Amino acid sequence: MIVMFSARRLKPGSWEQFRRAWEGEDGARPPGLQRAYHARNIRDEDEIISFGVFDMTEISTAPGGAKPDAQENHRMSSLSAFVEADHVSGVYEVIDTVEE
């Protein structure tokens, strides 16, 4: 499994536009996406963290592997219109899990 994570400061009041841009024009999901979360800082509604959990085997067998395609590049470009700052972004390999 891999996790894609970002911590962003959105432009004031742009959550709804950001969320629509995150979804993309056709709503197609990236290969291997199992689940995605968006969380808002309870003290600052414009600070958002987003992370998606991906099945690594599906990503590695997708055309082009984990490389972004033109559709994903366009989606990320659309998102950036609503982002004031991108504090942290990356792709991380899951090395340990903690269950209840």
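Residues numbered from 1 in each chain as written. Predicted model: local features only at pLDDT ≥ 70, side-chain atom pairs only at ≥ 80, totals over all residues. Heavy atoms only, no water.

(A) Looking closely at the sheet that holds strand β1 (residues 2-10). Taking strand neighbours across the sheet as the criterion, the four strands line up as β2-β3-β1-β4 in an open arrangement whose pairing is antiparallel. Looking at which strands have only one partner, the edges of the open sheet turn out to be β2 (33-41) and β4 (83-93). Neighbour-to-neighbour, the strand axes of the sheet open up by a mean angle of 15°, direction not taken into account. Sheet topology note: the β2/strand β3 (residues 44-54) ladder contains eight bridges and is antiparallel. Bridged to Ala39 within β3 is Ile49. Packing of helix α1 (residues 15-23) onto the sheet brings it into contact with β1, β2, β3 and β4, and relative to β2 it is tilted by some 170°. (Pairing = 2+ DSSP bridges. Helix = DSSP H or I, 4+ residues; strand = E, 2+ residues; numbered from the N terminus. Axes fitted to C-alpha atoms, helices over the stretch in contact; angles between N-to-C directions. Contact = heavy atoms within 4.5 Å.)

(B) Here's a closer look at the pattern of salt bridges. Across all of its chains, the model carries three salt bridges by this definition. Taking the shortest distance from any N to any O, the salt bridge between Arg9 and Asp44 comes out at 2.4 Å. Taken as a pair, Arg9 in strand β1 and Asp44 in strand β3 lie far apart in primary sequence, 35 residues in all. Here Glu47 makes a salt bridge to Arg9, at a shortest N to O gap of 3.9 Å. Separated by 38 residues along the polypeptide, Glu47 in strand β3 and Arg9 in strand β1 bring together distant segments of the chain. The class for Arg9 is partly exposed, based on a relative accessible area of 22%. Put simply, Arg9, Asp44 and Glu47 are held in one network by salt bridges that share partners. (Salt bridge = Lys/Arg side-chain N within 4 Å of Asp/Glu carboxyl O. Buried < 20%, exposed > 50% of the residue type's maximum accessible area, 1.4 Å probe, protein only.)

(C) Seen up close, the nonpolar core. In terms of nonpolar packing, the biggest core is built from seven residues, these being Leu10, Phe18, Ala21, Trp22, Ile48, Leu79 and Val83. In terms of residues, this core owes the most to one element, α1, which gives three residues. With residues near it in sequence (within four places) discarded, Leu79 still touches Arg8, Phe18, Ala21 and Trp22. (Core = buried A, V, L, I, M, F, W, Y, C linked by side-chain atoms within 4.5 Å.)

Scope: geometric values only; no functional claims are made or implied.
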